Amino acid sequence: MITGHPAPHELLPDGVVFHDIRGDVSLDVLLPPERDVAASFSERRRREYATVRHCARRGLSDLGLVNTAIVNDESGCPIWGESVVGSMTHCRGYRAAVVGPSALIAGIGIDAEVAEELPRGVLARISSVAEQDRVASLAHERADVPWDRVLFCVKESIFKAWYPLTRTGLGFLDVEVFLEADTSGQIRFLREVPADLPEAWKVRWTVNDGIIIAAAWMTLTPSVECASTTRGIH
Ligand SMILES: CC(C)(COP(=O)(O)OP(=O)(O)OC[C@H]1O[C@@H](n2cnc3c(N)ncnc32)[C@H](O)[C@@H]1OP(=O)(O)O)[C@@H](O)C(=O)NCCC(=O)NCCS
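All values derive from a computational prediction rather than experimental measurement.

Engineer: Residues and numbers for the site of the ligand, please.
Structural biologist: In the vicinity of the ligand there are 23 residues, among which Gly76, Cys77, Thr89, Phe159 and Tyr163 approach most closely. Mapped by element, the contributors of at least two residues to the shell around the ligand are helix H2 (43–62), strand S2 (84–91), strand S4 (105–114) and helix H5 (147–166). Partitioning the shell around the ligand into residue classes produces 13 nonpolar, 6 polar and 4 charged.

Pasting the structure below:
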């Protein structure tokens, strides 16, 4: 049992809504376009697909938005309305979704993983030597957290925030994440980043009841009000 970590919704910026479920809800929650897509899925896949959409729709309803069907494009990326950013994740026994207004958040990604060490050899494939050294040092400080899997989970959340905005791939070695024990982390891109991608990235992660949840997001530039206040001081 890992103590002292925040609940997943506490990781996220103001204005963003998070819902999660352990287990599955009835398939009746699927809307007709989703039911069509899910018709060819296995039973397990259909259930996670339905439950995570139930989580997302609860979030959309919290934001006062209509409960529309959430289908994915050909890359697997969910299609949200113009005014919404969001992300969905599922792993063994757990499903979660986050949604927020695109007026506040430029992009967001979440990922969930069972809190177990990565299989042998995977860490070396998804991380730099500096990241591996950091994982080793954190493991020395706090052995109850599977740091290698936390790193993997954070990188997946970065990809899910990155992809809808760039429509390009992002390899595990294209980003370096310096994990902090306080459930944050610093990101450094090791590849060219599109000029119009917001720079203010943030990552947070937590381990709760056997599940790692990571979130990565970009806020938009400071509001006009903040900018003019700063100009006033100078
Ligand atoms: C797409 C990917 C991130 C999904 O992660 P996963 O751990 O396998 O699965 P999860 O359950 O957490 O997430 C699946 C959900 O992600 C969303 N998703 C899929 N492709 C996506 C994309 N290109 N962009 C954003 N979200 C995507 C979907 O909502 C999907 O659920 P759904 O099919 O029920 O709608 C992963 O399979 C992948 O391709 N990773 C390689 C790229 C990467 O992570 N690079 C790291 C760079 S640092």
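There is more to say after this.
Engineer: Outline the sheet that holds S4, listing residues and values.
Structural biologist: Taken together, 5 strands build an open sheet; the order of strands is S4-S8-S7-S6-S5 and the sheet is antiparallel. Because the sheet does not close on itself, it has two edges, and the strands there are S4 and strand S5 (175–179). Strand-to-strand twist across the sheet, computed as the mean angle between neighbouring axes with direction ignored, equals 25 degrees. Pairing between S4 and strand S8 (residues 211–219): 9 bridges, direction antiparallel. Note on S8: the bridge partner recorded for alanine 112 is isoleucine 213.

Engineer: If you had to explain the nonpolar core to someone new, which residues and values would you point to?
Structural biologist: Ranked by size, the top nonpolar core spans 53 residues in total, and within it Val98, Val154, Ile212, Ala214 and Ala215 carry the most contacts. A per-element tally of this core places H5 first, with 9 residues. Those residues in contact with alanine 215 that lie beyond four places of it in its chain are Leu11, Leu12, Val98, Ile108, Ile110, Ser157, Val203 and Arg204.

How each quantity is defined
Residues numbered from 1 in each chain as written. Predicted model: local features only at pLDDT ≥ 70, side-chain atom pairs only at ≥ 80, totals over all residues. Near = placed C-beta within 6 Å. Helix = DSSP H or I, 4+ residues; strand = E, 2+ residues; numbered from the N terminus. Nonpolar A, V, L, I, M, F, W, Y, C, P; charged D, E, K, R; others polar. Pairing = 2+ DSSP bridges. Axes fitted to C-alpha atoms, helices over the stretch in contact; angles between N-to-C directions. Core = buried A, V, L, I, M, F, W, Y, C linked by C-beta atoms within 7 Å. Buried ≥ 20, exposed ≤ 12 C-beta atoms within 10 Å, placed from the backbone. Contact = placed C-beta atoms within 7 Å.

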